[in-house]
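Single-letter residue listing:
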Amino acid sequence: MQKQLTTVTDTLATWMQAAFTALYGEAIDVSGVGVVATGNAAFGDYQCNAAMGLAKVLKVAPRVIADRLVAEAPPHEAVARLEVAGPGFINIFLADAWLVSRVAALRGDPRGGVPQPGQGRTVVMDYSSPNIAKPMHIGHIRSTIIGNALDRMYRLLGYRVIADNHIGDWGTQFGIIIMGYRNFLDRTALEQSPIEELERVYVKSYERAKADEGWMTQCRRELVKLQAGDPENTALWKQFIALSLGEFARIYKRLGVAFDLVRGESFYNDRLAAMIALLEEKGLATISEGALCVFLEEDGLPVCIVRKSDGGYNYATSDLATVFSRVEEFAPEKIVYVTDERQQLHFKQFFTISRKLGVETRLDHVWFGLMRLPDATFSTRQGNVIKLEHLLDEAERRAFELISTSSPDMKEACRREVARAVGIGAVKYADLSQNPQTTVTFTWDKALALDGNSGPYLQYAYARIASVRDKYSERFPDGDLEAADLLLTGPAERDLMIRLLRFPEVVMRAADAYKPSMVADYLYELAQGYSSFYQNVPFLKAETGIRESRVLLCGVIAAVLRRGLDLLGIETPERI
RNA sequence: GCCCCCGUAGCUCAGUGGAUAGAGCAACGGAUUUCUAAUCCGUGGGUCGCAGGUUCGAUCCCUGCCGGGGGCGCCA
């Protein structure tokens, strides 16, 4: 069992390391010896490039090292043969029988062979984190979708994940909103679309505050009252939160996103004073221009304000308090924050201060590029926001249109359900298939692509596999897949088997690099391999034995596709 | 001024130390009496921003420059 939970690269790398050690002993450091998948089948399935690197240490030509290794390496059940090519590449050709046995072991494994190195380890993931009284627009989707994919990946790897939605429920904007609410509110609009109305009164109040000093002063006064626990303002604030959370919940449900914790920044309010005391006690904080500051020059960072000259606390203070709270409560191995690129400096500062305060927990900032529109920077002020719900509606509408033309016989309720999964899948995949760190230029056609390298392409591939399975039982009711053997009868199958065995290491590497796009890439290649296989190789019309084998292989591919798409939060309808 | 990202095919993007740099879209040509054509097969398309450097080997690492985006004391 344990053997099946080792990745192919681990298996081969361990073997190569042993072979190098047997030849050269202590003269070399073998820890860097690894193998990678080849880019070209002519060069084998995996390759080891260590001979070139060792040539310098050993003062021997790389070709000679490689030749010697190939001649003297002990046999391994996974390896059919080795070849030396070019300057000293060692090309590894996997043994068919071993491949087949490894893939056969995946039959019925809903985990796709992924091991659980995270057992007994805890990770806190802080993502999505929208602000109260503001609608979620397409700019919010990245943190939510990327964070949720990472969340799912770590869970599959066996980690205990605490997904925490760190809501922006505390800050200077509340004074402005309270004034807007008291003066400009339209009750009917609030009932129909609460967040839109709250945003409207916020914008109106904000504009007034910019032009009217007296108004601004009143806003600040309302904020101070709220912070002092004034019952009226507190009741309003609680109402804003309830309304916002209700709306967020609707969107999270559509997106299939669930949190373990939904704690606003306000949850940590009673720890802020203690945070400041600790900073002062450690001699890290100094007063400058009335504000309490932490100077980080020796760390090459600009100053960080932890308490404003008016006595209010900043984001950094709140985040510090949050770290202490999380460490106490969950004792995580690491805390991961998923936010946009603009917050890089903030996280560098607050991570540095955390370390100075003795926090040993690993803190990682996963940042992603901003979402922008083709013609303009994304901006609430310019009013060119696209509401997240609008995007999801449009995605489902387009998917429904497509399904209705391609599958007119399907019942409408079915088409709606499939359109929902496909539309949301398209939106998620469009984001997740891209390197998180690149700036996204939003276009409807790209975000909602239903063909080519898209979520629906993968879902379509899955649905066709499901169909093969059903057609098989229909046409061959006496067939016994359970008892059938998996065979390797052609290059397309071999290619698919090798790809299938790569899934566990792709998941591990993607989780480690915080890049769901690596999983997306992998799944797309797997689906492409399958689509080509499907189109060019007969399954149900193949002779008995081969037929069962191919249907079995389809089953394994389906399981990995399903598992992988689930990691991206994308559903897999059985019919499309 | 300083710091962080990005620059790859007409467009949108993968690839981040290995062999001949890949997809999708767009263009063009094929495939459906057949397991779902949202598919498949093929063709054309590149000084990997520019210039140096490190290396057996650089799109990938280092330095400089050009172009774009973001950030830099009381927002979060």
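Residues numbered from 1 in each chain as written. Chains lettered and ligands numbered in written order. Predicted model: local features only at pLDDT ≥ 70, side-chain atom pairs only at ≥ 80, totals over all residues. Heavy atoms only, no water.

Asker: Whenever I open this one, the overall build of chain A confuses me. Can you help?
Answerer: Within chain A one finds 20 helices and 14 strands. For chain A, the C-alpha atoms occupy an extent of roughly 85 × 70 × 40 Å along the three principal directions. Across the 576 residues of chain A, 53% fall into the buried class. Residue pairs at least 24 apart in sequence account for 74% of intrachain contacts in chain A once pairs closer than 6 positions are excluded. For chain A, the exposed surface amounts to about 26000 Å²; the carbon and sulfur share of it is 50%. (Helix = DSSP H or I, 4+ residues; strand = E, 2+ residues; numbered from the N terminus. Buried < 20%, exposed > 50% of the residue type's maximum accessible area, 1.4 Å probe, protein only. Contact = heavy atoms within 4.5 Å. Areas by Shrake-Rupley, 256 points an atom, 1.4 Å probe, with all protein chains shown as cover.)

Asker: Sorry if this is basic, but what is going on with the protein's contact with RNA strand B here?
Answerer: Surrounding RNA strand B, one finds 68 residues, the nearest of these being Asn91, Lys308, Tyr460, Ser467 and Tyr534. Atoms of RNA strand B within 4 Å of the protein belong to the sugar or the phosphate in 62% of instances, the rest to bases. Separating a phosphate oxygen of RNA strand B from a backbone N or O atom of Gly452 is a distance of 3.2 Å. Within the side chain of Tyr457, a nitrogen or oxygen atom sits 2.7 Å from a phosphate oxygen of RNA strand B. Elements supplying a minimum of two residues to the surface near RNA strand B: α2 (50-58), β4 (89-94), α13 (344-356), α14 (388-406), α17 (455-475) and α19 (516-536). Sorting elements by how many residues they give to the surface near RNA strand B places α17 first, with 9 residues. (Near = heavy atom within 4 Å. Polar contact = N/O pair within 3.5 Å; in protein donor to acceptor, adjacent residues only side chain to side chain.)

Asker: Got a minute to help me understand the layout of surface pockets in this structure?
Answerer: It is a probe the size of a water molecule, rolled over the atoms, that shows where empty space is left. Here the second largest pocket is characterised by a volume of approximately 500 Å³. Lining of the second largest pocket is provided by 30 residues; of these, Tyr462, Ala558, Ala559, Arg562 and Arg563 occupy positions nearest its centre. Put simply, the parts of the chain that give the lining of the second largest pocket at least two residues each are α10 (231-255), α15 (412-432), α17 and α20 (546-567). Here the element with the most residues in the lining of the second largest pocket is α20; it accounts for 9 residues. (1 Å grid on protein atoms, 1.4 Å probe; cavity = no way out; pocket = protein on both sides within 12 Å on 5 of 7 lines; lining within 4 Å. Points joined across faces, edges and corners; volume = space filled by probe spheres on them.)

Asker: How should the packing of aromatic side chains be read in this particular structure?
Answerer: In this description, an aromatic ring pair is defined by two values, namely the gap between the centres and the angle between the planes. Under the counting rule described, the total for this entry stands at 23 aromatic pairs. Here Phe347 and Phe350 contribute two aromatic rings whose centre-to-centre distance is 5.7 Å and whose plane-to-plane angle is 50 degrees, an arrangement assigned as tilted. With Phe347 and Phe350 both in helix α13 and 3 residues apart, the pair spans about one turn of that helix. You can call Phe347 buried: its relative accessible area is 1%. Taking the centre distance of 6.4 Å and the plane angle of 45 degrees together, the rings of Tyr530 and Phe539 count as tilted. Overall, Tyr530 belongs to the buried group, its relative accessible area being 0%. Grouping aromatic residues by their ring pairs yields a cluster made of Tyr337, Phe347, Phe350 and Phe351. (Phe/Tyr/Trp six-rings, centres within 6.5 Å; stacked < 30°, edge-to-face > 60°.)

Asker: Even after reading the chapter, I still don't get the environment of Asp310, so can you show me in this structure?
Answerer: Structurally, Asp310 can be placed in the loop between β10 (304-307) and α12 (315-330). Within the local environment of Asp310, its side chain forms a polar contact with the backbone nitrogen of Gly312, the two atoms lying 2.8 Å apart.

Asker: How should I be thinking about helix α9 (residues 213-227) in this particular structure?
Answerer: An α-helical turn contains 3.6 residues, so a residue and the one three or four places further along point in the same direction. Here α9 contains 15 residues, and its C-alpha end-to-end distance of 21 Å stays within 8% of the 21 Å for a straight helix at 1.5 Å per residue. Taken residue by residue, α9 has Trp215, Cys219, Glu222, Leu223 and Leu226 as its buried positions. In an axial view of α9, the angular spread of the buried residues amounts to 100 degrees, which keeps them on one side of the axis. Set apart from the buried face of α9 by more than 90 degrees, the exposed residues are Glu213 and Val224. In this structure, the buried side of α9 is in contact with α6 (173-184), α8 (194-211) and α10. Two residues or fewer past α9, Gly229 is found with a positive phi of approximately 90 degrees. (Expected span 1.5 Å × (residues − 1). Arc of directions from axis to C-beta.)

Asker: What is the right way to look at the domain arrangement of chain A in this model?
Answerer: Many analyses report the size of an interface as the accessible area lost when the parts associate. As assigned here, chain A comprises domain 1 (8-94) and domain 2 (402-567). Spacing between the C-alpha centres of domain 1 and domain 2 amounts to 34 Å. Across the contact, 6 residues belong to domain 1 and 5 residues belong to domain 2. Across the interface of domain 1 and domain 2, roughly 490 Å² is buried in total on both sides, 48% from carbon and sulfur atoms. On the domain 1 side of the interface with domain 2, the three residues burying the most area are Val8, Asp45 and Tyr46, jointly 59% of the side's total. Applying the counting rule to domain 1 against domain 2 returns 1 salt bridge. Among the salt bridges present, the one from Arg494 reaches Asp45, with a minimum N-O distance of 3.0 Å. One can count 3 residue pairs in polar contact (both at pLDDT 80 or more) joining domain 1 with domain 2. Looking at the side of domain 1 that touches domain 2, its residues break down into 4 nonpolar, 1 polar and 1 charged. (Domains from an automatic or database assignment. Buried area = accessible area lost by both parts, 1.4 Å probe. Salt bridge = Lys/Arg side-chain N within 4 Å of Asp/Glu carboxyl O. Nonpolar A, V, L, I, M, F, W, Y, C, P; charged D, E, K, R; others polar.)

Asker: Just checking my understanding: could you explain the pattern of salt bridges for this structure?
Answerer: Opposite charge on two side chains lets them pair, provided their charged atoms get close. Scanning all chains against the criterion turns up 40 salt bridges. The partner of Glu197 in a salt bridge is Arg200, and the shortest N-O contact between them spans 2.8 Å. Placement of both Glu197 and Arg200 in helix α8 is noted, with a separation of 3 residues, approximately one turn of the helix. Taking the relative accessible area as the measure of exposure, Glu197 reaches 4% and is therefore buried. In this structure, Arg342 and Asp340 form a salt bridge, with 3.0 Å as the shortest nitrogen-oxygen distance. The structure contains a network of salt bridges with shared partners spanning Arg250, Arg254, Glu389, Asp393 and Glu396.

Asker: Got a minute to help me understand the sheet that holds strand β12 (residues 362-368) in this structure?
Answerer: In a beta sheet, neighbouring strands are held together by backbone hydrogen bonds and run either parallel or antiparallel to one another. Reading across from one edge, β7-β6-β5-β11-β12 is the order of the 5 strands in this open sheet, with parallel pairing throughout. Of all strands in the sheet, those with a lone pairing partner are β7 (261-264) and β12, marking the two edges. In this sheet, adjacent strand axes meet at a mean angle of 25 degrees when their direction is disregarded. Bridge count between strand β5 (residues 122-126) and strand β11 (residues 334-340): 4 bridges; the pairing is parallel. Residue pairing in the sheet places Val124 in a bridge with Ile335 of β11. (Pairing = 2+ DSSP bridges. Axes fitted to C-alpha atoms, helices over the stretch in contact; angles between N-to-C directions.)

Asker: Sorry, what's going on with the packing of α14 against α15 here?
Answerer: In a packed pair of helices, the relevant descriptors are the angle between the two axes and the axis-to-axis distance. Where α14 contacts α15, the two axes come as close as 7 Å, and the packing angle between them is 125 degrees. What the angle tells us is that α14 and α15 run oblique. Pair α14 / α15 crosses with right-handed handedness. Facing α14, whose interface residues are Leu391, Leu392, Ala395, Glu396, Ala399, Phe400, Ile403 and Ser404, α15 presents Glu412, Arg415, Arg416, Val418, Ala419, Arg420, Val422, Gly423, Ile424 and Val427. Its residues placed into classes, the contact of α14 with α15 shows 11 nonpolar, 2 polar and 5 charged. (Parallel < 35°, antiparallel > 145°, perpendicular 65-115°, else oblique. Left-handed = near helix turned anticlockwise from the far one by under 90°.)

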